[in-house]
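# Coordinates in review
So the chains spell out like this:
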Amino acid sequence: MAAAEQETGASTERPAGGGAAGAIDRYFHITERGSTFGAEIRGGLVTFVTMAYIVILNPIILTSGTDVAGDTLAFPAVSAVTALTAGVMTILFGVVSKLPFGFAAGLGINAFLAFSVVGQVTWPEAMALVVINGVLIVLLAATGLRRMIFDAVPVELKLAITVGIGLFIAFIGFVNSGFVTSTGSASPPVGLGIGGSVVTVPTLIFVVTLILTGVLLAAKVKGGLLIGLVAGTVISVIVESIWHLGAAAEQPGGWGLTVPTLEGAPFGVPDLSLIGAVSFDLGRVGVVTIVMLVFTLLFTNFFDAMGTMTGLSREAGLADAQGNFPRLKSALVVEGVGAIAGGLTSSSSNTVFIESGAGIGEGARTGFANVVTGLVFLLAMFFTPLTQIVPTEVAAAALVIVGALMMAQIRHIDLGDFRVLLPVFLTVAVMPMTYSIANGIGAGFVAWVLVHALSGRARRIHWLLWIVAAGFVVFFARGPLEALLGVTG
């Protein structure tokens, strides 16, 4: 047994018995960690239920982005590769790390891709950047640099990024639902609904779905987000079958992008056409832009994952007093592989999901639970046609809920010091106001370094932060710099 695991107080007694069951037990340390096959299976199923919404939500986010060539991703194809990659990576992580942490497309990164990156590159090029980001994460994890960088960045900035992404995602949800619309005026630029009122049935269904899902989550119903999505979709299908609202592009008061109608079979052969749809021909983009896009992907990717894994390992009773857990390095390496796999399948970078805590609560303690979760994700690939009937307004409610959940992290930030308050505020505010996650991260880092340095705390700033802040200054001034250097993009 590894020393790290012994530090957690887990028993090192080897389980008795032979055969396949005994071999699996010994490999995953099921008995040693005080678990059973039944507990692992239940935990694996519960983890899937709490994560299943990503098969719908990830394509909702990714298909919202139109790249520089005017292309969008197909909803059923994104749904299929989302389930495929989640299934494969969850099983791989369980087998290698032997930990019960489910994997799927990360919400912060997919939003960054859809609403920031593809404004400058095509979707295949964007996924190439995700692959490059994944390779860098693997190298950083294998050499131990990832842990060093993680420790160098102030926790307040890490949390602020999560909060900012949450507000950004929520704002997108409000706009997509028609709850917030452009006024067409310079001031105010946006307003409530149409003429200050909610007047369409789809927007009303958004409100109903939002409240229903909120009630389920408040009551701690397992799978509450998924249940809310399904319930809102069922209501929408019934409403459409009665009133035939149609699409908003064809008649006022209609559905935004997807008309909720039942057509065709609920299951079918998954569309895996996006696998390998990656292009490393990045000549159209300036060098500075490429570097900063990859840097922002890298930054967004691995800070969230390390914090999540540390929290889950503590919840499972597998972490020591310093937050270390069994097979830490291999877990971080596989997490980087998740980014590579997500880029190669066009499902966005895959990472550890905090929802795995629900499975841990059901008794999951080993990677065998991941095998169960992953197999169900692979089965879900064949039901992706069902995801096409989810209307934009229902999906928007899920975005707002996820935004609220991410914003909850602000409670862990002590805002009593203005040196902390200003960078945190800029990080959170700039993201939705400029429609860019990268801008928010950059504003926060630059503000943190300048405010601390100019108020007499320069020595408290880690040297890595100076480099990061300088990089973002270059990022913000990349237009003039590229022109000065003669770089096109």
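Just so it is clear, the model here is predicted, and its values are computed rather than measured. The residue count restarts for each chain, going from 1 along the sequence in the order it is written. Predicted model: local features are reported for residues with pLDDT of at least 70 only, side-chain atom pairs are reported and counted for 80 or more only, and whole-chain, interface and lining totals are derived from all residues. Calculation of side-chain values draws on the structure's entire complement of heavy atoms; hydrogens and water are dropped beforehand.

### Brief notes about the confidence of the model for the chain
- Residues with a pLDDT of 70 or more make up 92% of the chain, whose mean pLDDT is 86.
- pLDDT is a residue-level measure of predictor confidence that goes from 0 to 100. In what follows, a contact means two residues having at least one pair of non-hydrogen atoms within 4.5 Å. Considering only residues more than four positions removed or in separate chains, one finds that residues 1–13, a stretch of pLDDT under 50, has 20 contacts.

### Notes on the environment of Gly 342
- Each helix is a run of DSSP H or I of at least 4 residues and each strand a run of E of at least 2, with the numbering of both proceeding from the N terminus. Along the polypeptide, Gly 342 turns up in helix H13 (residues 328–345).
- Linking Gly 342 and Val 95, residues 247 residues apart in sequence, is a C-alpha distance of 19 Å.
- Contact partners of Gly 342, with chain neighbours within four places excluded, come to Thr 85, Met 127, Ser 347, Ser 348, Ser 349 and Asn 350.

### Remarks on the packing of helix H11 (residues 224–243) against helix H16 (residues 392–407)
- To obtain an axis, a line is fitted to C-alpha atoms, over the contacting stretch when the element is a helix, and the angle between two such axes runs from 0 to 180 degrees between their N-to-C directions. Across the interface, H11 lies against H16 with an axial gap of 9 Å and an inter-helix angle of 155°. The angle between H11 and H16 places the two elements in the roughly antiparallel class. Crossing angle aside, the handedness with which H11 passes H16 is right-handed. Of the residues in H16, those touching H11 at Leu 225, Leu 229, Gly 232, Thr 233 and Ser 236 are Val 394, Ala 395, Ala 398, Ile 401 and Val 402.
- Looking at the contact of H11 with H16, its residues break down into seven nonpolar, three polar and no charged. Roughly parallel refers to an angle under 35 degrees, roughly antiparallel to one over 145, roughly perpendicular to one between 65 and 115, and oblique to any angle outside these ranges. When the near helix sits turned anticlockwise from the far one by under a right angle, the crossing is termed left-handed; a clockwise turn instead gives a right-handed crossing. Ten residue types, Ala, Val, Leu, Ile, Met, Phe, Trp, Tyr, Cys and Pro, are classed as nonpolar, four, Asp, Glu, Lys and Arg, as charged, and the remainder, Gly among them, as polar.

### Digging into the pattern of salt bridges
- When a carboxyl oxygen of Asp or Glu is within 4 Å of a side-chain nitrogen of Lys or Arg, the pair counts as a salt bridge. Evaluated as defined, the whole model comprises two salt bridges.
- Across the pair Arg 419 and Asp 417 runs a salt bridge whose closest N-O atoms are separated by 3.6 Å.
- When the shortest N-O distance is used, the salt bridge between Arg 457 and Asp 417 registers 3.2 Å. Of this pair, Arg 457 sits in helix H18 (residues 437–457) while Asp 417 sits in the loop between H16 and helix H17 (418–434); the two residues are 40 residues apart in sequence, bridging distant segments of the chain.
- Owing to a relative accessible area of 22%, Arg 457 belongs among the partly exposed residues under this scheme.
- The classification of residues rests on relative accessible area computed with a 1.4 Å probe and restricted to protein chains. Under 20% of the type maximum is buried, over 50% is exposed, and intermediate values are partly exposed. With a relative accessible area of 24%, Asp 417 lands in the partly exposed category.
- Connected through salt bridges with shared partners, the residues Asp 417, Arg 419 and Arg 457 form a single ionic network.

### A word on the environment of Phe 475
- On the secondary structure map, Phe 475 appears in helix H19 (residues 463–476).
- Judged by its relative accessible area of 3%, Phe 475 falls in the buried class.
- With near-sequence residues (within four places) excluded, Phe 475 lies in contact with Met 292, Ala 438 and Asn 439.

### So, the packing of aromatic side chains
- Only the six-membered ring of Trp is used, alongside the rings of Phe and Tyr, when aromatic pairs are assigned; centres must lie within 6.5 Å, and planes under 30 degrees apart are stacked while those over 60 apart are edge-to-face, with the rest tilted. The tally for this structure, following the rule as stated, stands at 15 aromatic pairs.
- Relative to Phe 101, the ring of Phe 93 has its centre 5.9 Å away and its plane inclined at 25°; by these criteria the two rings are stacked. Accessibility assignment for this pair places Phe 93 and Phe 101 in one class, buried.
- For the pair Phe 115 and Phe 168, a centre-to-centre distance of 5.8 Å together with 75° between the ring planes defines the contact as edge-to-face. You can see Phe 115 sitting in helix H6 (residues 107–115) and its partner Phe 168 sitting in helix H9 (residues 155–177), a full 53 residues away along the chain. Pair check on accessibility: Phe 115 and Phe 168 agree, each one buried.
- Among the aromatic residues, those joined into a ring-pair cluster are Tyr 27, Phe 28, Phe 37 and Phe 368.

### So, the nonpolar core
- Leu 57, Leu 113, Trp 123 and Phe 445 are the most contacted members of the largest nonpolar core, which totals 94 residues.
- If one sorts the elements of this core by residue count, H9 sits on top with nine residues.
- Apart from residues lying up to four places away in sequence, Phe 445 is in contact with Val 153, Leu 157, Ile 161, Phe 299, Leu 465, Val 468, Ala 469 and Phe 472.
- To define a nonpolar core, start from buried Ala, Val, Leu, Ile, Met, Phe, Trp, Tyr and Cys residues and group those joined through side-chain atoms within 4.5 Å. By size, the runner-up hydrophobic cluster in this structure holds 18 residues, among which are Phe 93, Phe 103, Met 309 and Leu 318.

### Some words on the packing of H6 against H9
- In the contact formed by H6 and H9, the axes pass within 10 Å of each other and the chain directions differ by 55°. In terms of their interaxial angle, H6 and H9 are classed as oblique. Handedness of the crossing formed by H6 with H9: left-handed. Here Leu 107, Gly 108, Ala 111 and Phe 115 of H6 lie close against H9, whose contacting residues are Ile 165, Phe 168, Ile 169 and Ile 172.
- Taken together, the residues of the contact of H6 with H9 break down into seven nonpolar, one polar and no charged.

### So, a nonpolar patch on the surface
- For patches, a residue must show more than 30% relative accessible area and have no salt bridge; joins then use 9 Å for like charges and 5 Å for nonpolar side chains, namely Val, Leu, Ile, Met, Phe, Trp and Tyr. Note on areas: these come from Shrake-Rupley sampling with a 1.4 Å probe, and a residue is covered only by the protein chains present in the view. Among the surface-exposed residues, Leu 145, Met 148, Trp 463, Trp 466 and Ile 467 lie close enough to one another that they form a single nonpolar patch of about 520 Å² accessible area.
- Secondary-structure elements contributing two or more residues to the nonpolar patch are helix H8 (145–152) and H19.
- The residue Trp 466 is located in helix H19 in this model.

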